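Each chain, letter by letter, is given below.
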Number of protein chains: 2
Amino acid sequence: MNKARVFVTLKEGVLDPQGTTVKHALDSLGFAGVEDVRIGKFMEISLKESSPDKAKEMVTAMCRKLLANTVIEDYRVEIE
Amino acid sequence: MNKARVFVTLKEGVLDPQGTTVKHALDSLGFAGVEDVRIGKFMEISLKESSPDKAKEMVTAMCRKLLANTVIEDYRVEIE
C-alpha cells in the first residue's frame with residue numbers, strides 16, 4: 001500500500017482572492033509583516049498499488065483528469 | 001524574508017465528505033484501488049520576518065487564531 005500526497009496550487013499570476021482575504025484578516029488581527037498569502041489544496045490518497053512508481057503515475061493521471069484544473073493550477077505529487 | 005508552508009488537515013476520525021466525494025469520482029473515472037482520500041488546505045505565507053524561529057512562532061499563532069479550526073483540524077508549519 002502507498003500513500004500519496006498531492007499539492008494543488010494556483011499558478012503564478014493567477015489572482016487568489018481567498019489568499020487576499022486571509023491576508024487582510026491576519027493584518028486586522030495584528031500580525032504585522034505578512035507580505036502575501038496563497039491558498040491551495042492538499043490531498044492524501046491511500047492506494048492499494050504497492051509499486052511507488054506506478055502509484056505516482058496513477059496519481060499524476062488523477063491530477064490531470066480530476067484533482068487539478070491545469071489551466072490555472074499546478075500540482076505536485078509525493079509518494080510516502 | 002521567510003516563506004512558511006502551512007498544512008491544515010482534518011483530525012483522525014473527523015468525517016471528510018469532500019474526500020469521500022472525490023474518492024467516488026475517482027472510482028467512476030476508472031481508477032481502481034483507491035482506498036481513501038482526505039482533503040486539506042495548503043497555504044504559502046510570505047513574511048518580512050527574517051528569523052526562521054520567530055517566523056515559525058508567528059505562523060503557529062496565526063494557525064491557532066485564524067487558519068485552523070483546532071477542534072476538528074490539525075496543522076503543521078514548515079519554514080523554507
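Here the structure is a predicted model, which is why all the values come from computation and not from measurement.

Caption draft 1: Summary view of the overall build of chain A. When helices and strands are tallied, chain A shows two helices and three strands. Helices (α) and strands (β) of chain A occur, in sequence order from the N terminus, as β-α-β-α-β. In terms of overall dimensions, chain A is more spread out than a globule: its C-alpha atoms have a radius of gyration of 16 Å, far above the 12 Å expected for 80 residues. For chain A, the C-alpha atoms occupy an extent of roughly 50 × 25 × 15 Å along the three principal directions. Out of the 80 residues in chain A, the part that is buried amounts to 42%. Looking at chain A alone, contacts between residues at least 24 apart form 68% of all its contacts between residues at least 6 apart.

Caption draft 2: Structural context of the sheet that holds strand β3 (residues 73–79) of chain B. With respect to topology, six strands assemble into an open sheet ordered β3(A)-β1(A)-β2(A)-β2(B)-β1(B)-β3(B), the strand pairing being antiparallel. In this open sheet, the two edge strands, each paired with only one partner strand, are β3 (73–79) of chain A together with β3 of chain B. Looking at each pair of strands side by side, their axes are set apart by 20° on average, direction ignored. Pairing of strand β1 (residues 2–10) of chain A with strand β2 (residues 34–47) of chain A, which is carried by seven bridges, proceeds in the antiparallel orientation. Bridged to Val8 of chain A within β2 of chain A is Lys41 of chain A. Together, β1, β2 and β3 of chain A together with β2 (34–47) of chain B form the strand contacts of helix α2 (residues 52–67) of chain A, whose direction differs from that of β3 of chain A by roughly 160°.

Caption draft 3: Quick peek at the packing of aromatic side chains. A full pass over the atoms with the stated rule returns five aromatic pairs over all chains. Seen in terms of ring centroids, Phe7 of chain A and Phe7 of chain B are 5.7 Å apart; in terms of plane orientation they differ by 70°. Their pairing is edge-to-face. Residue Phe7 of chain A is found in strand β1, and its partner Phe7 of chain B is found in strand β1 (residues 2–10); the two belong to separate chains. Summarising the burial analysis for this pair, Phe7 of chain A and Phe7 of chain B share the class buried.

Caption draft 4: Fine view of the interface of chain A and chain B. Chain A puts 33 residues into the contact, and the matching count from chain B is 33 residues. Between chain A and chain B we count zero salt bridges in total. At the boundary of chain A and chain B, one finds ten residue pairs in polar contact (both at pLDDT 80 or more). Looking at the side of chain A that touches chain B, the elements that each hand over two or more residues are β1, α1 (17–28), β2 and α2 of chain A.

Caption draft 5: Up close: the environment of Gln18 of chain A. Within the secondary structure, Gln18 of chain A sits in helix α1. On a C-alpha basis, the gap between Gln18 of chain A and Ile39 of chain A in space is 6.9 Å, while along the polypeptide they are 21 residues apart.

The rules behind each value
Per-chain numbering applies: the sequence of each chain, read as written, is numbered from 1 onward. Written order decides the labels, with chains lettered from A and ligands numbered from 1. With the structure being a predicted model, the display of local features is reserved for residues of pLDDT at least 70 and the display and counting of side-chain atom pairs for 80 or more, all residues being used for whole-chain, interface and lining totals. Side-chain numbers here rest on the full set of heavy atoms in the structure, without hydrogens or water. Runs of E in the DSSP output that reach at least two residues are strands. Runs of H or I that reach at least four are helices, and both are numbered from the N terminus. As a reference, a globule follows 2.2 Å times the number of residues to the power 0.38, and the radius of gyration itself is taken over C-alpha atoms. Buried, partly exposed and exposed residues are distinguished by accessible area as a fraction of the type maximum, computed with a 1.4 Å probe on protein chains only: under 20%, between the cut-offs, and over 50%, respectively. The contact definition used throughout considers only heavy atoms, calling two residues in contact when any of these lie within 4.5 Å. A strand pair is defined by DSSP finding two or more bridges across the two strands. In this analysis, axes come from line fits to C-alpha atoms, helices being fitted only over the stretch in contact, and the angle between any two N-to-C directions falls in the range 0 to 180 degrees. In this scheme Phe, Tyr and Trp rings, the latter by its six-membered ring, pair at centre separations within 6.5 Å, and the angle between planes marks the pair as stacked below 30 degrees, edge-to-face above 60, and tilted otherwise. By definition here, a salt bridge exists when the distance from a side-chain nitrogen of Lys or Arg to a carboxyl oxygen of Asp or Glu is within 4 Å. Polar contacts, as used here, are pairs of N or O atoms within 3.5 Å; protein pairs need one atom able to donate a hydrogen and one able to accept it. Residues neighboring in sequence count only if both atoms are side-chain atoms.

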